[in-house]
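Coordinates in review
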There are 2 protein chains.
Amino acid sequence: MSLNDLFDPDSIAVIGASKTPGKLGNDAMANAKEFDGPVYPVNPSGDGSVYGYDFVESVADTDADLALCCVPGPVTPEVIEECGEAGVGAAVVFAGGFAEAGGQGIELQADVQSIAEEYDIAVLGPNTAGHIIPHRHLFSSFVPGFDEIDSGDVAIAAQSGGVGVTATFQLDREGYGTAGMYGLGNRVNTDFDEVIPMLDDDSEVDAIALHIEGTDQIDSVIEAVEAASTPVVALKSGNEMEEFVQAHTAAPIQESERYERPFTNGGAVMADSLTELLDASRVLAQCPQADGPNVGLVTAQAGPGIMMADYLDERGVNFPELTEDTRERLDDILPGFTYDRNPVDTGRPMPEFGDVIDAVGRDDNVDIVLVYEIFEHSLGYPVEELEQLTADIDKPVVFTVAGPDAALSDDRDRMEDLGVATFDSPERGAYAASVLAETSR
Amino acid sequence: MSLNDLFDPDSIAVIGASKTPGKLGNDAMANAKEFDGPVYPVNPSGDGSVYGYDFVESVADTDADLALCCVPGPVTPEVIEECGEAGVGAAVVFAGGFAEAGGQGIELQADVQSIAEEYDIAVLGPNTAGHIIPHRHLFSSFVPGFDEIDSGDVAIAAQSGGVGVTATFQLDREGYGTAGMYGLGNRVNTDFDEVIPMLDDDSEVDAIALHIEGTDQIDSVIEAVEAASTPVVALKSGNEMEEFVQAHTAAPIQESERYERPFTNGGAVMADSLTELLDASRVLAQCPQADGPNVGLVTAQAGPGIMMADYLDERGVNFPELTEDTRERLDDILPGFTYDRNPVDTGRPMPEFGDVIDAVGRDDNVDIVLVYEIFEHSLGYPVEELEQLTADIDKPVVFTVAGPDAALSDDRDRMEDLGVATFDSPERGAYAASVLAETSR
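With an unreviewed UniProt entry as reference, chain A is termed acetate--CoA ligase (ADP-forming), source organism Halorubrum tropicale. If you open the UniProt record of chain A and go to Catalytic activity (unreviewed entry), you find "acetate + ATP + CoA = acetyl-CoA + ADP + phosphate".

Here it is as structure tokens:
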């Protein structure tokens, strides 16, 4: 089975497309209409057009590679069979009521699975919110607003569509897009072990975020994580409440411990919350890998700096001594520092702050540069100095921002463009640095 | 010593006021100009006016209650003496170079302290970003942008001005104001034990957030926390890096443990990060105290719900069984639930979602209502149902939002107006519920 038609289709059929606002088949069309290639709304009782696309009676009348199935669970096997006969290579099944519901749902899912196997169709779901790939203008989901999600460098593969949707909107709210969101749902034949290698091959994907509740394919998922050259971050959910978890995506109950050691040995990071999952993915996507775990911390305000130092210290992260050269340079830049060891604190923003970061960043003992500065209008952030520094050194730089949000956003964007990862609270900046230390060479 | 003139002055002198943009005395005037009463820019070499206020030569020429000292450290004792002779009751000292710098700075601070004592002046600082009380239009700080901070219900008392500023802007970024931010700095005679009772007496303050690095007044601080009837949340910082901490606000090194047990026994909450400090304060300010620790969790998407259940379960929070009555009512509302125990999951947003929350919220076994729902345009959030529910029951309700930010903000604001606390990620909503459980009767 190939996932090609799921990830890079030439044309799309929306089966069960509808003109009625609020209906699944209308919401799916609202997103699918963004696609650059042909889009076919399929509905035998469809009349005229929807979003400018003429209804067709049957998927057999199309050359679609990918079918979005906006039909109730019980008719899904029949629809998948029609897709197979029409030469469709991939299908997204939104409906629930399959294995997660138990009883007849289990048989229904088995039917879908065997038909998909017969026709060699990659099925995403059932019981999924679908997937989006903004850089391909592919939004195969019923979630309103998804057509406005930008491209980004983090891809999300979520067992729960709800988690994938929440994560996507959280990235969007903070000004980031996604390199793809995949809701896996019941994983009839498209599981983490199929999706991870495909994301690893996509040059637009710079980090892979996984939300896992449980899968029978655990061994091949671990192999896929080990084999990936793209950074992987995973959040394991569903450690308790067995019945609730099974009623959700029909996942087997698996303790986090079954994933934790093999994943981290394979180079992946385990996150403890959705925000950690996204922040770890973002910093790994954005920054070069660190050569070692040693953090140089530069702060313009000691109080938040102390909080960050506490955070990193608790996680065993090292603040190396700075070299004699660096300390001499620091003394030249700014005699009478508030604190000139590591952390280096200037006590307040000042025109020399960029030079101070530069000095610490070029120190041979420092592998990871972590900065904290509250924005001041009159100074701005030291973007020019960071441009020079990041051009000269191949070290990750994390900049923790604070201050009036609207005022700092331009400088923040410019830093992001340089490959400086930015975070907006002390604990998030410190967490990002701890992830870089954990994944260093 | 009274803090009256610090907290509710009738008039303000800005000593060292300046017309030059970027200078401390100009930034302080830019904020002070928002005050409703007289504002006196004091500068013997001042010419004409600044922000519409005429310069005066000396603080002796004013009837100021509160003086903002925008002067270098070494002249501060002299300025405080002039304030004392002019009848000023409170002074904010922004300058650094006092006890935190060691050496002569220690003597300088002792001088300020004895003069303040002689004249009975409440001194905030030295080495502080000042304080703001938006509901009194009092912005006695040099931080640009502070004049635009709105009123809110959480007051912040931060040992580090930088942490206070960061916290204030974090609340602002998320759409909230503050009931006051106080940067305590070196605490020459205004320490946590003086500020807490004052905040406790302010009817605008519904929760008190403390950022503590260390204080010699620890016993009276603990007493003040125990005595407060307003909820208190504390973040203890500076457990490591002794030299760095001492160079900051001249704080004694104190392990978190010295605060943790007495504070929690006294009814306060200990937070582990700045975001937790603000979220805990916000939920305690917003919601009624819970009668017990039992959480009823209602979700429209199971995946994030499972994450929240994991989070709460790890913290020992209880999901009680629902009563027979509630389960019957749930079955009437929605036959064929995805999951109808507690958590109660509808699997997707739907018109009945508000009724489901209502049923769980009225259950006698439930003390705290926690909701998760991704926003959908066509449905909105169940504001009407929540209005009725919150009018009828005196239980805290936490609503965790997700989705396209701009679309949901109106409904979010309307829920906040009802006293429903809202949070925008699964772990933040779950954390807020855990704080309510911890502080229940």
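Don't stop here, the text continues.
Remarks on the packing of helix H5 (residues 161-173) of chain A against helix H11 (residues 302-314) of chain B
Where H5(A) meets H11(B), the closest approach of the two axes is 5 Å, and the angle between their N-to-C directions is 85 degrees. The orientation of H5(A) relative to H11(B) falls into the category roughly perpendicular. Judged by residue contacts, A:Gly162, A:Val163 and A:Thr166 of H5(A) engage B:Gly303, B:Pro304 and B:Met307 from H11(B). Tallied by class, residues from the contact of H5(A) with H11(B) come to 3 nonpolar, 3 polar and no charged.

Some details on the side chain of B:Arg428
Residue and element names in this part refer to chain B. As for its position among the elements, Arg 428 is in helix H16 (residues 426-438). At a separation of 2.8 Å, a polar atom in the side chain of Arg 428 contacts the side chain of Glu 174. Contacts of Arg 428, omitting those with residues within four sequence positions, involve Glu 174, Thr 275, Asp 279, Arg 282 and Phe 423.

Re the relation of the copies chain A and chain B
Overlaying chain A with chain B gives an RMSD of 0.0 Å, the required rotation being 180 degrees about an axis along which the chain moves by 0.0 Å. Each copy turns onto its partner about a two-fold axis. Most of the interface of chain A is mirrored in chain B, where 100% of its interface residues again form contacts.

Quick word on the interface of chain A and chain B
Each side of the interface is counted separately: chain A has 54 residues, and chain B has 55 residues. Broken down residue by residue, the surface that chain A buries against chain B is led by A:Arg173, A:Phe244 and A:Ile306, which jointly contribute 16%. Across the contact surface, chain A and chain B share 2 salt bridges. Between B:Arg173 and A:Asp424 there is a salt bridge whose closest N-O contact spans 3.4 Å. The tally of links between chain A and chain B comes to 12 residue pairs in polar contact (both at pLDDT 80 or more). Considering each element in turn, the side of chain A that touches chain B owes the most residues, 10 residues, to helix H11 (residues 302-314) of chain A.

Focus on the nonpolar core
Judged by nonpolar contacts, the single largest core of 168 residues is most densely connected at A:Val283, B:Val14, B:Ile196, B:Leu199, B:Leu210, B:Phe263 and B:Val283. If sequence neighbours within four positions are ignored, A:Val283 has contacts with A:Val398, A:Ala421, A:Phe423, A:Ala432, A:Val435 and A:Leu436. Judged by nonpolar contacts, the second largest core, of 49 residues, contains A:Leu3, A:Phe7, A:Ala28 and A:Leu199.

A closer look at the packing of helix H3 (residues 76-85) of chain A against helix H4 (residues 104-119) of chain A
In a pair of packed helices, the angle between the axes and the distance between the axes together describe the arrangement. Residue and element names in this part refer to chain A. Contact geometry of H3 with H4 gives a least axis separation of 9 Å together with a crossing angle of 5 degrees. By the angle class used here, H3 and H4 are roughly parallel. Between H3 and H4, the contacting residues are Thr 76, Pro 77, Ile 80, Glu 81, Gly 84 and Glu 85 on the first element and Leu 108, Asp 111, Val 112, Ile 115, Ala 116 and Tyr 119 on the second. For the contact of H3 with H4, the residue count by class is 7 nonpolar, 2 polar and 3 charged.

The rules behind these values
- Residues numbered from 1 in each chain as written.
- Chains lettered and ligands numbered in written order.
- Predicted model: local features only at pLDDT ≥ 70, side-chain atom pairs only at ≥ 80, totals over all residues.
- Heavy atoms only, no water.
- UniProt positions renumbered as here; feature names shortened; annotations may be inferred.
- Axes fitted to C-alpha atoms, helices over the stretch in contact; angles between N-to-C directions.
- Helix = DSSP H or I, 4+ residues; strand = E, 2+ residues; numbered from the N terminus.
- Parallel < 35°, antiparallel > 145°, perpendicular 65-115°, else oblique.
- Contact = heavy atoms within 4.5 Å.
- Nonpolar A, V, L, I, M, F, W, Y, C, P; charged D, E, K, R; others polar.
- Polar contact = N/O pair within 3.5 Å; in protein donor to acceptor, adjacent residues only side chain to side chain.
- Least-squares fit on C-alpha atoms with pLDDT ≥ 70 in both.
- Buried area = accessible area lost by both parts, 1.4 Å probe.
- Salt bridge = Lys/Arg side-chain N within 4 Å of Asp/Glu carboxyl O.
- Core = buried A, V, L, I, M, F, W, Y, C linked by side-chain atoms within 4.5 Å.
- Buried < 20%, exposed > 50% of the residue type's maximum accessible area, 1.4 Å probe, protein only.

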